[in-house]
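# Descriptive structure summary
This is what each chain is made of:
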Amino acid sequence: MTRLIILIVLLLTNLISKSQSEIDNLENKNIQPDKLLVYKTIDTIKLELHVFNPKGHTSTKKSPAIIFFFGGGWIGGTPKQFYEQANYFANQGIVAISADYRVKSRNNTSPFESVKDAKSAIRWIRKHATELGIDPNKIIASGGSAGGHIAACTGAISGYEEAGEDLSFSSTPNAMILFNPVLDTTGKGYGLDKVGKEKQTEISPNHHIQKGIAPTLIFHGTGDTTVPFENVERFTNLMLDAGNTCELIAFEGRKHGFFNGSFFRPKIKNTSDYEKTIEKSTSFLIELGYLKKEKNINAAQKPNIIIIYTDDQGYGDVSALNKNSKFNTPNIDKIANEGVIFSDGHSSDAVCTPSRYSLLTGRYSWRTSLKKGVLNADGPCLIEKDRMTIASLLQENGYKTAMIGKWHLQMEFQGSFNKNRDWSKPFTDGPIDKGFDYFFGIPASMNYGVLTYLENDRVMDPPTLYTKKKSDFNSRSYGTKVRPHSYRMTPPYENKPIGEGDWVEAAASFDDQLVLKTLADSAVKYINEVATESEDNKPFFLYLPLTSPHLPHATHPDFQGQSNCGNYGDFMEETDFRVGQILNALDAKGISNNTLVIFSSDNGAETNYTYQRETYNHYSSLNFKGGKRDIYEGGHRVPFLMRWPDAIKAGKIITTPVCQTDYLATIADIINADIPDNAGEDSFSLYPLLKNNSHKKYKRGALIHHSVTGHFAIRKGKWKLNMFRGSGGSLKPTFIEPDPKEAIYELYNMEDDPSETNNLYFKHPNIVTKLTQELTLLITTGRSTPGNPQDYIKENWQQLTWMELSE
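Residues numbered from 1 in each chain as written. Predicted model: local features only at pLDDT ≥ 70, side-chain atom pairs only at ≥ 80, totals over all residues. Heavy atoms only, no water.

## Thoughts on the overall build of the chain
A count of helical and extended segments in the chain gives 17 helices and 28 strands. When burial is assessed residue by residue, the chain has 61% of its 807 residues classed as buried. Here the contacts in the chain between residues at least 6 apart in sequence split such that 74% fall between residues at least 24 apart. Entry remark: accessible area of the chain is about 30,900 Å², with carbon and sulfur atoms responsible for 47%. (Helix = DSSP H or I, 4+ residues; strand = E, 2+ residues; numbered from the N terminus. Buried < 20%, exposed > 50% of the residue type's maximum accessible area, 1.4 Å probe, protein only. Contact = heavy atoms within 4.5 Å. Areas by Shrake-Rupley, 256 points an atom, 1.4 Å probe, with all protein chains shown as cover.)

Written as structure tokens, this is what we have:
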């Protein structure tokens with residue numbers, strides 16, 4: 001099958017982290033071949049192959065081989081140029097060889113002798129394939145610049161065989177991978193002065209394209225002023241016209257030699273270009289069958305995926321994470337104990353709507369029009385049209401997708417509040433427009449309305465009545481302590497809004513204390529219905545955003561008075577029971593082992609966490625400062641658990657900082673799906689950490705935290721810089737700096753001071769500067785992952801106090 005793929009790759013500066021992939025950036029300065037073999041002797045000149053063997057390789061193997069030819073304009077160069085690439089491919093199971101050949105500076109030769117040497121090298125490898133443990137029918141020619149030229153000539157040019165060699169062994173490769181190669185030696189290309197006008201087309205690959213040339217992959221920079229980009233475009237088109245396979249990957253603006261790694265070019269700080277060429281080369285060889293695709297964990301069957309997303313649950317509200325918890329969560333604990341705990345896991349924001357956007361899209365919500373706060377129930381959805389979500393990604397990859405629970409990203413109903421409502425009409429811009437096959441749930445938080453159940457795009461019971469917050473008379477006595485926020489949205493309801501207050505629309509059948517049970521029962525029903533199809537390799541995705549323990553603490557009567565932590569503890573124990581219903585349904589259908597269950601919360605605990613602490617000695621935020629709405633850890637460090645018995649070793653605790661934006665890339669990685677450049681801009685795959693806790697292969701950039709007022713903090717390694725002096729939410733600053741006009745930021749060492757008590761702003765000005773610059777870059781490029789800069793909403797952004805947006 002012929003194809004032309006031109007991928008424009010624009011990678012950011014070294015402040016941007018490198019892409020997550022299976023490629024380790026080899027910075028070891030002692031990369032050496034396993035052996036040197038003489039493949040050709042001309043007079044006193046001995047030309048050698050620098051051979052890198054796979055680990056444990058023997059002559060009994062029949063491994064593919066790749067041979068690299070260095071660049072240098074046929075004048076100079078060294079085989080060491082491709083040591084890094086050779087070492088990588090040897091680690092993948094390919095016999096990798098970097099070849100020496102004759103050049104003008106050492107041997108007083110022309111490009112024609114260089115072509116002969118390249119052909120001799122391939123012939124020698126094929127002739128000695130048995131003793132080398134090589135498959136003679138899987139030899140890849142590769143090289144850069146002039147080396148790319150002679151590699152291309154082995155595949156495209158007839159003749160120029162060295163006299164006296166055994167021509168019964170072909171010098172033609174089975175595939176080619178070329179790095180900014182010289183493909184035209186006429187005046188339109190490069191090298192005319194070296195080949196001569198009379199012979200300008202004799203070893204010019206563009207002038208010898210015919211059917212039958214081996215599949216070819218080319219990397220080239222559009223800004224190459226040495227070898228014109230148009231030369232490789234022409235080669236690609238000629239190859240395709242002749243019925244051959246050729247793929248051109250263009251690197252936007254890159255000049256000659258962009259593909260080199262840090263071994264050959266030690267001054268290179270950002271090796272993303274090198275990594276991208278390695279990644280694409282690997283994929284190319286997988287497609288040819290020369291490399292085996294790394295199997296996903298239990299790749300025989302894609303896993304079912306369930307995301308359980310609680311609402312305002314603090315890190316300390318899981319008894320597995322808080323040994324002193326005043327209530328028990330045995331079912332959530334089961335997820336933790338049978339899977340992995342990310343002890344430094346974060347929601348993308350400190351409040352509801354933005355965290356939900358980021359979870360589903362893999363993109364920070366502050367890149368949208370929502371710069372602070374949350375949305376209502378009714379209005380245009382925050383998720384843009386055609387933006388990839390976890391649901392749409394999985395839907396495109398054969399999954400059944402469902403959402404059951406609280407949406408709170410807005411959807412559009414007919415009419416407006418208390419005016420021209422038509423509840424018989426379908427609503428738009430809801431979950432089924434964002435990749436979900438099925439939806440059952442409520443529009444938003446219960447204090448935002450609309451209080452009724454929705455199914456797909458229909459209102460099940462018209463919310464023609466009205467209600468507002470009511471005192472929770474069933475709450476336990478608060479004594480003399482300050483009463484925290486506590487209310488209900490319970491019936492009876494009114495026929496119309498009466499007096500002042502935040503009235504919401506409600507259906508007569510809606511009862512807040514039955515919502516959790518209704519959602520959990522619906523989720524169990526869905527699992528039972530799709531489980532049979534899952535057994536037939538039709539997996540499902542269920543997004544289950546629960547309404548608890550968000551206010552109102554509307555605990556079902558069966559759980560009231562059962563905990564040792566008041567109504568909040570009761571509500572949390574009911575929440576845990578509902579989680580248990582889901583886990584039990586998986587067990588009953590025999591699909592637990594190959595179901596990935598992700599558990600987390602949209603932000604930290606509500607401000608009444610202080611009441612729980614003072615009254616019951618329960619620490620919802622554990623030892624972390626602050627809670628919901630705050631830029632401090634208590635606002636966004638949340639329970640972050642994953643269980644997948646077939647794939648995840650039980651009992652892992654991973655301390656690496658991670659974010660819910662990472663779910664999209666992680667899931668894509670698990671199912672071997674690609675994420676386009678304009679999606680998942682802030683999503684890094686956690687797949688390597690889940691597989692083997694490999695921190696070396698997990699290359700995540702900085703985390704960005706965000707408060708309800710729209711203020712930022714950046715976390716990089718152990719350092720966290722708060723770009724606002726205070727919580728940016730519900731807390732006031734807990735200290736006063738000597739000079740408050742200067743100390744406008746807060747810098748914390750999170751390893752030594754996870755409670756954020758010691759501001760190191762004055763002690764580490766260089767770190768403040770570096771983190772400020774990185775935050776600015778991550779904002780202005782529209783992404784934190786490598787790739788093309790992406791657009792974002794720039795208006796009405798007063799919180800960027802440290803920068804001018806024009807920067």
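Past the structure itself, the notes keep going.
## Details of the packing of helix α9 (residues 330-337) against helix α13 (residues 566-588)
In contact at an axis separation of 7 Å, α9 and α13 are set at 55° when each is read in the N-to-C sense. With respect to α13, the element α9 is oriented oblique. Contacts between α9 and α13 pair Pro330, Asn331, Ile332, Lys334 and Ile335 from the former with Asp576, Phe577, Val579, Gly580, Leu583 and Asp587 from the latter. Residue composition of the contact of α9 with α13, by class: 6 nonpolar, 2 polar and 3 charged. (Axes fitted to C-alpha atoms, helices over the stretch in contact; angles between N-to-C directions. Parallel < 35°, antiparallel > 145°, perpendicular 65-115°, else oblique. Nonpolar A, V, L, I, M, F, W, Y, C, P; charged D, E, K, R; others polar.)

## Remarks on the pairing of strand β21 (residues 595-601)
A large share of β21 lies buried, amounting to 7 of its 7 residues. Here β21 shows no split at all, with Thr595, Val597, Phe599 and Ser601 on one side and Leu596, Ile598 and Ser600 on the other all buried. Bridge count between strand β9 (residues 304-310) and β21: 7 bridges; the pairing is parallel. Bridge assignment links isoleucine 308 to a residue of β21, and that residue is phenylalanine 599. One ladder, built from 4 bridges, connects β21 with strand β22 (residues 640-643); its direction is antiparallel. What sits directly across from isoleucine 598, in β22, is methionine 642. (Pairing = 2+ DSSP bridges.)

## Remarks on the pattern of salt bridges
Side chains that differ in charge, positive against negative, can pair when their charged atoms come close. Overall, the coordinates contain 41 salt bridges when judged by the stated rule. The salt bridge partner of arginine 356 is aspartate 311, with a shortest N-O separation of 3.3 Å. With arginine 356 in helix α10 (residues 352-361) and aspartate 311 in the loop between β9 and α9, this pair connects stretches of sequence that are 45 residues apart. There is no split in this pair, since arginine 356 and aspartate 311 are both buried. Here arginine 637 makes a salt bridge to aspartate 344, at a shortest N to O gap of 3.1 Å. Separated by 293 residues along the polypeptide, arginine 637 in the loop between α14 (609-616) and β22 and aspartate 344 in the loop between β10 (340-342) and β11 (345-346) bring together distant segments of the chain. As far as burial versus exposure is concerned, arginine 637 and aspartate 344 are alike and both buried. (Salt bridge = Lys/Arg side-chain N within 4 Å of Asp/Glu carboxyl O.)

## Description of the nonpolar core
The nonpolar side chains of a soluble globular protein tend to be buried, and buried together. Counting residues in hydrophobic clusters, the biggest one holds 56 residues, and the most contacted among them are Phe342, Ile390, Trp407, Phe541, Tyr543 and Met642. Examining the composition of this core, we find that 5 residues originate from one element, helix α15 (residues 662-670), more than from any other. Those residues in contact with isoleucine 390 that lie beyond four places of it in its chain are Ile307, Leu359, Leu360, Phe541, Tyr663, Leu664 and Ile667. Membership of the second largest hydrophobic core comes to 50 residues, among which are Phe69, Trp74, Ala152 and Cys246. (Core = buried A, V, L, I, M, F, W, Y, C linked by side-chain atoms within 4.5 Å.)

## Describing the packing of aromatic side chains
Here the distance between the centres and the angle between the planes together describe a pair of aromatic rings. Throughout the structure, instances matching the rule amount to 40 aromatic pairs. Their ring planes at 80° and their centres at 5.0 Å tell us that tyrosine 88 and phenylalanine 89 sit as a pair that is edge-to-face. Since its relative accessible area comes to 2%, phenylalanine 89 is described here as buried. Centre to centre, the rings of tyrosine 792 and tryptophan 797 are 6.2 Å apart; their planes meet at 70°, and the pair counts as edge-to-face. A single burial state applies to tyrosine 792 and to tryptophan 797, both of which are buried. Within the aromatic cluster, the residues linked to one another by ring pairs are Phe68, Phe82, Tyr88, Phe89, Phe179, Phe219, Phe251, Phe258 and Phe259. Lysine 625 extends its terminal NZ or CZ atom over the ring of tyrosine 632, reaching a point 4.1 Å from the ring centre. (Phe/Tyr/Trp six-rings, centres within 6.5 Å; stacked < 30°, edge-to-face > 60°. Lys NZ or Arg CZ within 6 Å of the ring centre and 35° of its normal.)

## Observations concerning the side chain of asparagine 260
Looking at the secondary structure, you find asparagine 260 in the loop between β8 (246-251) and α8 (272-288). Here the side chain of asparagine 260 touches glycine 257 through a polar contact of 2.9 Å, landing on its backbone oxygen. Look past the residues within four positions of asparagine 260 in its chain and what remains in contact with it is Gln81, Arg265, Ile268 and Tyr274. (Polar contact = N/O pair within 3.5 Å; in protein donor to acceptor, adjacent residues only side chain to side chain.)

## What about the confidence of the model for the chain?
This prediction gives the chain a mean pLDDT of 89; 90% of its residues lie at or above 70. Here residues 1-29 is a poorly scored stretch, pLDDT under 50, and it has 117 contacts once near neighbours within four places are set aside; other chains count. Confidence drops under pLDDT 50 across residues 731-738; counting only partners more than four residues distant or on other chains, this segment forms 18 contacts. (pLDDT = per-residue confidence, 0-100.)

## Brief notes about the pairing of strand β20 (residues 540-545)
Counting buried positions along β20 gives 6 out of 6 residues, so the element sits mostly inside the fold. Bridge count between β9 and β20: 5 bridges; the pairing is parallel. By the bridge assignment, tyrosine 309 is partnered in β20 with proline 545. Pairing geometry for strand β12 (residues 400-406) and β20, over 4 bridges, is parallel. By the bridge assignment, lysine 400 is partnered in β20 with phenylalanine 540.

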